[in-house]
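The residues making up each chain are set out below.
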Amino acid sequence: MEVIYDKKSFLIENLVENINEAVDFIKSKTDFKPRYGLILGTGLGGLAREIEVEYELKYKDIPFFPVSTVESHQGKLLFGRIGNKNVVAMVGRFHLYEGYSMVQITFPVRVMKFLGIEKLLVSNAAGGLADDMEIGDIMIINDHINLQLANPLIGPNIDELGLRFPDLSEVYDTELIDKAVKIAADKNIRASTGVYVSVTGPCLETRAEYKFIRIIGGDAVGMSTVPEVLVANHMGLKSFAVSIITDIGYPTEKVKKVFIEDVIAAANKAEPKLTMLVRELLLSME
Ligand code: HPA
């Protein structure tokens, strides 16, 4: 595993310069113009194989990009087409539990916006809490609760990126949610809509925590996505996010262990369904 900590680090005050440096570097390598940004977390690797790749860049070569330290996540940016749609896809993402800051883990979203994307599509693996959830289900995220108790927008607001106090009434685009629900029904894909609760990880939850998350309104819980969509929302990007339910959080006396190997296996098994859903959604966009 290669971990690079000696890249130039950035200060929030230099954020826009740093974004521009990364963007200039990417533009010096490819003139491909993406319209849609994808973050392919656990369970959407299959979508990467659907991309007719025009150009590929490793995170470690891009200025200021962190590098994935998680084995199940590769670290590359793919530029190419799915059908007639120009996409840039992050294959592998960053998490708070890797030790990166909120600003670092969301840096690539800002870079994708500066590269011209108009919408962001995100996937993740999550623990299921809603009553009838089963391993392998898909949950289309329609709202979230941020239990990471941190926010990538803390610090001086950069007005050219967005507002100081962004409205969060539609973080997940309603039109995209409705389209995805319809596609899932048409394709016979079992999918619900629900609230995603973000936690820092890396520990999975205690039974009391699963219970708590359910009580406060969570349908699924995971360690990513919220920072990325907060930054996207700040910059006026419409977001769509979807979870693969890889384990069930039992809030009862039943003790059932959750192992990361099972999470990855469940995600891989559900991957074709999710790939189909996101592909169709993308193709349905104007
Ligand atoms: N909890 C938190 N994150 C997760 C889980 C979970 O149960 N499953 C997959 N990611």
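Scroll up for the structure.
Predicted, not measured: the structure shown is a model, and the values here were computed from it. Numbers given for residues are sequential positions, taken from 1 along each chain in its written order. For a predicted model such as this one, the threshold for reporting local features is a pLDDT of at least 70, and the threshold for listing and counting side-chain atom pairs is 80 or more; totals across whole chains, interfaces and linings nevertheless cover every residue. Working from all heavy atoms in the structure, the side-chain values ignore hydrogens and water.

S.K.: I'd like to hear about the site of the ligand, residue by residue, with values.
M.R.: Neighbouring the ligand are Ala125, Ala126, Gly127, Leu204, Glu205, Tyr210, Val221, Gly222, Met223, Thr246, Asp247 and Val263. Here a nitrogen atom of the ligand sits 3.3 Å away from a polar atom, N or O, in the main chain of Gly127. Between the ligand and the protein, one listed contact pairs a nitrogen atom with a side-chain N or O atom of Asp247 at 2.6 Å. Helix numbers and strand numbers start at the N terminus; a helix is a DSSP run of H or I with at least 4 residues, a strand a run of E with at least 2. At the level of secondary structure, the elements contributing two or more residues to the shell around the ligand comprise strand 5 (119-128), strand 8 (220-222) and strand 9 (238-248). Taken together, the residues of the shell around the ligand break down into 7 nonpolar, 3 polar and 2 charged. Any residue with at least one heavy atom within 4 Å of a molecule or strand is counted as near it. Pairs of N or O atoms within 3.5 Å make up the polar contacts considered here, provided that, within protein, one atom can donate a hydrogen while the other can accept it, and that residues adjacent in sequence are counted only when both atoms are side-chain atoms. All amino acids are sorted into three groups, where Ala, Val, Leu, Ile, Met, Phe, Trp, Tyr, Cys and Pro are nonpolar, Asp, Glu, Lys and Arg are charged, and the leftover types, Gly among them, are polar.

S.K.: Before we move on, could you go through the nonpolar core and cite the residues and values that matter?
M.R.: Residues belong to a common nonpolar core when they are buried Ala, Val, Leu, Ile, Met, Phe, Trp, Tyr or Cys residues joined through side-chain atoms within 4.5 Å. When accessible area is computed with a 1.4 Å probe and restricted to protein chains, residues below 20% of their type maximum are described as buried, those above 50% as exposed, and intermediate ones as partly exposed. Ranked by size, the top nonpolar core spans 85 residues in total, and within it Leu77, Val111 and Leu277 carry the most contacts. Ranked by residue count, the leading element in this core is helix 3 (residues 102-114), at 7 residues. Contacts are residue-level and defined by heavy atoms, with any inter-residue pair within 4.5 Å sufficient. Those residues in contact with Val111 that sit more than four places away from it in its chain are Ile19, Ala22, Val23, Ile26 and Phe65. Grouped together as the second largest cluster of nonpolar side chains are 7 residues, Val197, Tyr210, Ile213 and Val221 included.

S.K.: Now, about the packing of aromatic side chains: what can you tell me, with residues and values included?
M.R.: Aromatic ring pairs are reported here in terms of the distance separating the ring centres and the angle at which the planes meet. Between the rings of Phe, Tyr and Trp (Trp by its six-membered ring), a pair exists once the centres lie within 6.5 Å; its type follows the angle of the planes, with under 30 degrees stacked, over 60 edge-to-face, and the other angles tilted. Summed over the entire model, instances satisfying the criterion amount to 6 aromatic pairs. Residues Phe32 and Phe79 carry aromatic rings whose centres are separated by 6.4 Å and whose planes lie at 70° to one another, so their mutual orientation is edge-to-face. Of this pair, Phe32 sits in the loop between helix 1 (15-29) and strand 1 (36-40) while Phe79 sits in strand 3 (residues 76-82), and the two are 47 residues apart along the sequence. Note on Phe32: relative accessible area 9%, which makes it buried. With a centroid separation of 6.0 Å and 80° between ring planes, the pair formed by Phe65 and Phe107 is classed as edge-to-face. Taken together, the residues span a long stretch of sequence, with Phe65 in the loop between strand 2 (52-58) and strand 3 and Phe107 in helix 3 at a distance of 42 residues. Taken together, the ring pairs in this structure connect Tyr59, Phe64, Phe65, Phe94, Tyr100 and Phe107 into an aromatic cluster.

S.K.: Explain the pairing of strand 7 (residues 191-198) to me, and be specific about the residues and the numbers.
M.R.: A pair of strands counts as paired when DSSP detects no fewer than two bridges linking them. Direction of pairing for strand 6 (residues 138-146) relative to strand 7: parallel, over a ladder of 8 bridges. Within strand 7, the position partnered with Ile140 by the bridge is Thr193. Sheet analysis places strand 7 next to strand 8, joined by 3 bridges and oriented parallel. What sits directly across from Tyr196, in strand 8, is Ala220. At this point the chain moves from strand 7, through helix 5 (residues 207-215), to the parallel strand 8, and the crossover so formed is right-handed. Orienting the strands away from the viewer, one traces the path from the first strand over the helix to the second; a clockwise path indicates a right-handed crossover.

S.K.: Talk me through the environment of Tyr100; I want residue IDs and the actual numbers.
M.R.: In this fold, Tyr100 is placed in the loop between strand 4 (85-91) and helix 3. Relative accessible area serves as the criterion here: at 8%, Tyr100 is assigned to the buried category. Taking the C-alpha atoms as reference, Tyr100 lies 36 Å from Glu286; in sequence the two are 186 residues apart. Apart from the residues within four sequence positions on either side, Tyr100 is in contact with Pro66, Val67, Thr69, Phe94, His95 and Ile105.

S.K.: Pulling in residues and values, what's your account of empty space enclosed by the protein?
M.R.: Throughout, the protein atoms alone are placed on a 1 Å grid, and a set of points is a cavity if a 1.4 Å probe fits but cannot get out or a pocket if it is open with protein on both sides within 12 Å along at least five of seven lines; lining residues have an atom within 4 Å of a point. Grid points are joined across faces, edges and corners, and a volume is the space filled by probe spheres set on the points. Across all of its chains, the model carries 2 cavities of 30 Å³ or more by this definition. The calculated volume of the largest cavity comes to roughly 70 Å³. Lining the largest cavity are 12 residues; nearest its centre among them are Arg110, Leu153, Pro156, Asn157 and Ile158. A breakdown of the residues in the lining of the largest cavity according to their chemical character gives 8 nonpolar, 3 polar and 1 charged. Taken as a whole, the second largest cavity encloses approximately 30 Å³ of empty space. Lining the second largest cavity are Leu38, Leu40, Leu44, Leu47, Leu121, Val122, Ser123, Phe240, Val242 and Val278. The dominant element in the lining of the second largest cavity, judged by the number of residues it contributes, is strand 5, at 3 residues. Here the lining of the second largest cavity is built from residues that sort into 9 nonpolar, 1 polar and no charged.

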